[in-house]
Amino acid sequence: MDDTLELPNAIAPKISLGDAVQEEDEQSSDGEDGGLDWTKLIPGAVRPVIPKRGEKEFEPKAGGGSNLQLHVLDRARSAMLEALRAIRTTSSKAISYAVWQPSVARTHVTVARGIHFSSMGHSAPRSMLGENGVEKIQKRLELLPEEAIYLIERGSMFCWKETDLNLSEVSGAIDVLGAPMSVQQAYSEMIGTEDLTLDKFQVFSYLKRLGYVVTRTKPPTSYYPTPPNTVIVNTAPSILQRISSLFPTWASWLTRLCGGFDWWRPMRVSRWLHHDKNYASLFRSLRFIPSGHRVPLRQSKSVEVESPYQIFYNLYKPSTPFKKTAPPPPDFQIVVINARTTPMPTLQELTDLFDVLPELPTPLPRQRRPIPGIANPAIPSPAINENAATTQTLNAANQLPPSLFHRLLPWLFPRPAVPQPLIPVRRPNPFMALKAGKKMIVIAVVDSGSVGFFRFSQGAFTEWPMM
């Protein structure tokens, strides 16, 4: 009976405005579980729009489904294939032109158009031959391999490989003999140069599509712009530390001679000094086991192998004001690894990463909003301010004019200080500080094209007493 009642028809059913609004609300509420409506991206559509999530079309069972279900499923499948088969078009006014030079592993941008170059590319001095045959140094805009592949893949730039042909600019276009590099050729030519792997490019393109600004942490050349204070240089040890490292036996003997540590009496009680009888000093004296990140780890005697956990990208949020010639300190620093070939980081590898990272500022506590109906004693009310102002005005009016002695020697009669309103001190919340950590690193894990991000933080539990 269902098959006879649900035969497909070429005439679309009439839907009222109320039903359409209700259906749209249902689709928006069930947006997580639904699929895309590919019928709105058909090339033949008069005005294609961005598809919204609709009802998911499931495969019918082995016994067969209703004719309506098969019809809707075939229609959605054909609409998806037609949308994917459409030819990508772009305006000629937004196309950039560049030349890939394998000798320097750079892409020379000859015509730069669009907003992408506000955060991509850098200026590099290169030697070029002038019209008179004299070699001169000239600055030009160059792209790293990942930046060039990203622009070629999204259809924003035409790129040719460097040849002996004369590339000249004619009326805003490039007059060359031959076809530009395809996406496949750009992948094969540029992946593997300048320490760029397929995993690192996938992370780069994923973050760029989200609107982030991505740059290299280690500059490939000396003229590549780098942010200030991104790497901490370890300070040189003091003279006493050098002497103790050269003569460890003598240093330990002098320590025992001056007075060793008593495990049974960690607290030293003095009858003359009373400033060390508070709780902070008592708990500090009980910490006789060295702890914290300043304590060096025990180095293993295994063969040293270069760790894959190396910082590769600097990441800036879309809201961060970014200047290409003078980039600010990055919001995040990213390590890219392959999940199939790289194991979990060891404690030594994480310690090596945190040693080169700057310390993050302590997060401020949340500002408490005043509860309606309850006055805050730290903030004076308007009525109190008006009364104080009235009192000061009366006192100034009743005050007598200063005498000659007051005017000659004003430093003998200092004016009373005006009391300032009490402002409560916002102390940092230890739980927020422990959650954020002192240092943070983001590790991008690529698993067969799927990119995931994991954050590792270095906490400081010894700096926050919980008593």
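For the structure itself, look to the data block above.
These numbers were taken from a predicted model, which means no experiment stands behind them. (Residues numbered from 1 in each chain as written. Predicted model: local features only at pLDDT ≥ 70, side-chain atom pairs only at ≥ 80, totals over all residues. Heavy atoms only, no water.)

**As for the sheet that holds strand β5 (residues 122-129)**
Okay, so step 1: Read across the open sheet, the five strands follow the order β5-β6-β4-β3-β7; overall the sheet is mixed. Unpaired on one side and paired on the other, β5 and β7 (157-161) mark the two borders of the sheet. Pairs of neighbouring strands in the sheet enclose a mean axial angle of 45°, with direction left out of account.
Okay, so step 2: Where helix α5 (residues 183-190) meets the sheet, it contacts β3 (96-101), β4 (106-111) and β7, and its direction lies at approximately 55° from that of β7. (Pairing = 2+ DSSP bridges. Helix = DSSP H or I, 4+ residues; strand = E, 2+ residues; numbered from the N terminus. Axes fitted to C-alpha atoms, helices over the stretch in contact; angles between N-to-C directions. Contact = heavy atoms within 4.5 Å.)

**Re the nonpolar core**
Okay, so step 1: With 32 residues, the main nonpolar core has Met157, Met190, Tyr313 and Ile334 as its most contacted residues.
Okay, so step 2: The dominant element in this core, judged by the number of residues it contributes, is helix α4 (residues 145-153), at five residues.
Okay, so step 3: Counting only domains with at least three residues in this core, you end up with domain 1 (92-196) and domain 2 (197-228 + 307-363 + 427-466).
Okay, so step 4: What Ile334 contacts, discounting residues up to four positions off in sequence, is Leu207, Gln310, Ile311, Phe312, Tyr313, Leu315, Val442, Ala444 and Phe453.
Okay, so step 5: Listed in part, the 11 residues of the second largest apolar core include Tyr309, Val335, Leu353 and Ile441. (Core = buried A, V, L, I, M, F, W, Y, C linked by side-chain atoms within 4.5 Å. Buried < 20%, exposed > 50% of the residue type's maximum accessible area, 1.4 Å probe, protein only. Domains from an automatic or database assignment.)

**A look at empty space enclosed by the protein**
Okay, so step 1: For the structure shown, the criterion picks out one cavity of 30 Å³ or more.
Okay, so step 2: Reported here for the largest cavity is a volume of approximately 80 Å³.
Okay, so step 3: Lining the largest cavity we find Ser119, Met120, Gly121, His122, Glu147, Thr215, Tyr224, Pro225, Phe322, Lys324 and Pro327.
Okay, so step 4: Class assignment for the residues of the lining of the largest cavity results in five nonpolar, four polar and two charged.
Okay, so step 5: Residue contributions to the lining of the largest cavity reach at least three from each of two domains, namely domain 1 (92-196) and domain 2 (197-228 + 307-363 + 427-466). (1 Å grid on protein atoms, 1.4 Å probe; cavity = no way out; pocket = protein on both sides within 12 Å on 5 of 7 lines; lining within 4 Å. Points joined across faces, edges and corners; volume = space filled by probe spheres on them. Nonpolar A, V, L, I, M, F, W, Y, C, P; charged D, E, K, R; others polar.)

**Brief notes about the packing of aromatic side chains**
Within a pair of aromatic rings, the relevant descriptors are the distance that separates the centres and the angle that separates the planes.
Okay, so step 1: One pass over the full model with this rule turns up eight aromatic pairs.
Okay, so step 2: With 5.5 Å between their ring centres and 90° between their planes, Tyr187 and Phe201 make a pair best called edge-to-face. Taken together, the residues Tyr187 in helix α5 and Phe201 in helix α6 (residues 198-209) connect sequence positions 14 residues apart.
Okay, so step 3: Residue Phe201 is classed as buried on the basis of its relative accessible area of 1%.
Okay, so step 4: Ring centres of Phe312 and Tyr313 lie 4.8 Å apart, and the angle between their planes is 80°; on these two criteria the pair is classed as edge-to-face.
Okay, so step 5: A relative accessible area of 12% places Phe312 in the buried class.
Okay, so step 6: One aromatic cluster is present, formed by Tyr150, Phe204, Phe312 and Tyr313 through successive ring pairs. (Phe/Tyr/Trp six-rings, centres within 6.5 Å; stacked < 30°, edge-to-face > 60°.)

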